[in-house]
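# A closer look at the structure
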There are 2 protein chains.
Amino acid sequence: MIALSQFIKSQITISNEDLDVILSNFQERTIEKDRFLVQKGQIVTSYYFIQSGGLRIYFDKDDKQITGWLAFQNNFFTELNSLKSGQPTLFTIQAIETSIVLTIDKNKMEQLYQQFPLWQQFGRQIWENAFLNVVNGILSYQTMTAEERYLTMMKQSDLLQRVPLKQLASYLGITQSSLSRLRKNIK
Amino acid sequence: MIALSQFIKSQITISNEDLDVILSNFQERTIEKDRFLVQKGQIVTSYYFIQSGGLRIYFDKDDKQITGWLAFQNNFFTELNSLKSGQPTLFTIQAIETSIVLTIDKNKMEQLYQQFPLWQQFGRQIWENAFLNVVNGILSYQTMTAEERYLTMMKQSDLLQRVPLKQLASYLGITQSSLSRLRKNIK
DNA sequence: CCTGTTACTTGCCAAATGGCAATTCTAGCA
DNA sequence: TGCTAGAATTGCCATTTGGCAAGTAACAGG
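## Overview of the overall build of chain A
In terms of helices and strands, chain A carries 8 helices and 6 strands. Secondary structure elements in chain A, listed N-terminal to C-terminal, are α-α-β-β-β-β-β-α-β-α-α-α-α-α. Reported as C-alpha extents along the three principal axes, the dimensions of chain A are approximately 55 × 30 × 30 Å. With 187 residues in all, chain A has 36% of them scored as buried.

Below, the structure written as C-alpha cells:
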C-alpha cells in the first residue's frame, strides 16, 4: 500500500501510527482487464483507490454504452450517487487494464472520519480535487472542439492507446465514426 | 441568516450554540445586478453562500465570455482553483440579479474545521454534492443535444429568463445564433 | 419623443457531426 | 495457417452548428 500511503501523505500530515490504523481498513482487490469492479444494479458501498491500472465508468443509454469518466492510478474513485443515496447504481465500473484497487467500506470511512479529524480533512480535499477535475471537464466541452478534447485526453495516460475507440468517443461526446475521422485528420 | 442556518441543519446535526459560533464568522454582502463578487486577477479567499439571487461565473476566451457555471440561492459557491492555489483567478463572478451573499474567509473556514469536526464533515458533504452536480453537467454533454440541455437548464431557475442569451449559449457550449435558432424551433 | 446602445434574430454558406451500411483491418483461436 | 468476431474505417447524405454580417427589436438616457 505504498502508493496509497504516499498519496495520503501528499494531502495531509499524519503520524505513522494513525496512518497504519487507516490503512488497515483497506482491502486489496485485483480486477482483470475488462472485468467489473461494480455492475449496474448493485449498491455501491465502497470508496476505491486505484493503486495501479485504470478504470472506466459507463452507463447504458438506449443500446449504447456511454463512457462517463476515466480514472487512472493514484486516484480515489467511486460512484458517489449510489454510495450517498443507497440506491442501485446506473453505472458500471470496468477495468481498462488489469488493475489493483484498494477498497474501503463507506461505514469504515465514516468511522475513520469521526476517529481522525485529519482524515475528514483528507476526505474533503479529495472531493475538492475531484470537483476541480470535473469542472475542467465541463470547461473542455464549452471551449474546445472534439479534436482538441481528444488530443488533451490522450495525454492523460498511455493506457488510453489500448481503449477501444467507441469507448473514447462516447467519453468525448461524439460518435465512433466522427472520432475515427478526426483521428485521420490529425495524422 | 435563516436560509444558511436551515441549509446547514439540512446537512448536519449541530447544536444551536455551535451553529451560532459558526454563523458569526459569515459576513453579509449585497451584490447589485450585473456587478461583481469576484473579478479576474483577484485572489479568491472566501467561500460564498448565496442567500438570495443568482450568480454566474465566466472567463474570457479570446474576445468572448464563456459562462462556466451558474449558481442560485441556497448554494455554496466559490472559485476553488484560485482559493486552493492562492493564484489569481481567471474567472469573474457576476450577479445575474441583485443577490445577497454570505461570505466566509477560507482561513476562518479552516479554523472552524479544526474547532468543529462536524463542520469539517459539512465541508466534505458540500463538495461531494458539488461534485455530483458537476458530474451531471458532464453527462448532459455526453448524452443530450443542445436543445435538451437548454430545456433542462431553463427548469433550474426562473431567474434564467432574464439572463442574456449569449451568456446562456456559452454555458451550453454553443453560439448565440445557434441558441436563438433552437429556441425558434421549440416554440 | 428621439437616439444610441445592446440584445436578439435571421440569411447565407461552410464546417462539423450524425446515422447507417458496406468494407477493411485486426487479433485471438481452432 | 486460415477463420471468425469484433473493431475501425470509409462513403454517402442528412442534420446540426458555426461564422459572419445585416437587419430588427428592446430599452435606457437625454
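That shown, we press on.
## Things to note about the relation of the copies chain B and chain A
Mapping chain B onto chain A calls for a rotation angle of 180° and an axial translation of 0.0 Å; the resulting RMSD is 0.0 Å. This pairing of chains is accounted for by a two-fold axis. Here 100% of the interface residues in chain B have copies in chain A that are interface residues too; the copies meet face to matching face.

## Regarding the protein's contact with DNA strand D
Near DNA strand D there are 17 residues, and of these Leu-165 and Ser-180 of chain A together with Ala-146, Ile-174 and Ser-178 of chain B occur at the shortest range. Going through the elements one at a time, α7 (165-172) and α8 (176-186) of chain A together with α6 (146-156) and α8 (176-186) of chain B are the ones with two or more residues in the surface near DNA strand D. Per element, the largest residue contribution to the surface near DNA strand D is 6 residues, and it comes from α8 of chain A. Looking at the surface near DNA strand D residue by residue, the classes come out as 5 nonpolar, 7 polar and 5 charged.

## Describing the interface of chain B and chain A
Facing the 27 residues of chain B at the interface are 27 residues of chain A. Contributions of two or more residues to the side of chain B that touches chain A are made by β4 (64-72), α3 (80-85) and α5 (117-143) of chain B. Considering every element that reaches the side of chain B that touches chain A, the biggest residue donor is α5 of chain B, with 18 residues.

## Topic: helix α7 (residues 165-172) of chain B
Within α7 of chain B the residues assigned to the buried category are Leu-168, Ala-169, Ser-170, Tyr-171 and Leu-172 of chain B. If you follow the buried residues of α7 of chain B, they end up packed against α5 (117-143) of chain A together with β4, α6 and α8 of chain B. Remark: Gly-173 of chain B follows α7 of chain B within two positions and exhibits a positive phi of approximately 80°.

## Points about the nonpolar core
Ranked by internal contacts, the top residues of the largest apolar core, which has 87 residues, are Leu-37, Leu-55 and Phe-131 of chain A together with Leu-37, Leu-55 and Phe-131 of chain B. Setting aside anything within four residues of it in sequence, one finds Leu-37 of chain B in contact with Ile-31, Tyr-48, Leu-55, Ile-93, Ala-95 and Val-101 of chain B.

## Side note on the packing of α5 of chain A against α5 of chain B
The interhelical angle for the contact between α5 of chain A and α5 of chain B, taken along N-to-C directions, is 20°, at an axis separation of 8 Å. By the angle between their directions, the pair α5 of chain A and α5 of chain B is classed as roughly parallel. For α5 of chain A against α5 of chain B, the interelement crossing comes out left-handed. Of the residues that constitute the contact of α5 of chain A with α5 of chain B, the class distribution is 16 nonpolar, 8 polar and 4 charged.

## Section: the protein's contact with DNA strand C
If you check the shell around DNA strand C, you find 17 residues, and the closest are Ala-146, Ile-174 and Ser-178 of chain A together with Leu-165 and Ser-180 of chain B. Going through the elements one at a time, α6 (146-156) and α8 of chain A together with α7 and α8 of chain B are the ones with two or more residues in the surface near DNA strand C. The dominant element in the surface near DNA strand C, judged by the number of residues it contributes, is α8 of chain B, at 6 residues. Residue composition of the surface near DNA strand C, by class: 5 nonpolar, 7 polar and 5 charged.

## Observations regarding unusual backbone geometry
One non-glycine residue, Asp-34 of chain A, adopts positive backbone phi at about 75°. Along the chain, Asp-34 of chain A falls in the loop between β1 (27-31) and β2 (36-38).

## Section: the packing of α7 of chain B against α8 of chain B
Residues and elements named next belong to chain B. Two elements in contact, α7 and α8, have axes separated by 8 Å at closest approach and are oriented at 100°. Comparing the axis directions of α7 and α8 gives the class roughly perpendicular. On α8, the residues touching Leu-165, Lys-166, Leu-168, Ala-169 and Leu-172 of α7 are Gln-176, Ser-178, Leu-179 and Ser-180. Of the residues contributing to the contact of α7 with α8, the split by class is 5 nonpolar, 3 polar and 1 charged.

About the thresholds
Residues numbered from 1 in each chain as written. Chains lettered and ligands numbered in written order. Predicted model: local features only at pLDDT ≥ 70, side-chain atom pairs only at ≥ 80, totals over all residues. Helix = DSSP H or I, 4+ residues; strand = E, 2+ residues; numbered from the N terminus. Buried ≥ 20, exposed ≤ 12 C-beta atoms within 10 Å, placed from the backbone. Least-squares fit on C-alpha atoms with pLDDT ≥ 70 in both. Contact = placed C-beta atoms within 7 Å. Near = placed C-beta within 6 Å. Nonpolar A, V, L, I, M, F, W, Y, C, P; charged D, E, K, R; others polar. Core = buried A, V, L, I, M, F, W, Y, C linked by C-beta atoms within 7 Å. Axes fitted to C-alpha atoms, helices over the stretch in contact; angles between N-to-C directions. Parallel < 35°, antiparallel > 145°, perpendicular 65-115°, else oblique. Left-handed = near helix turned anticlockwise from the far one by under 90°.

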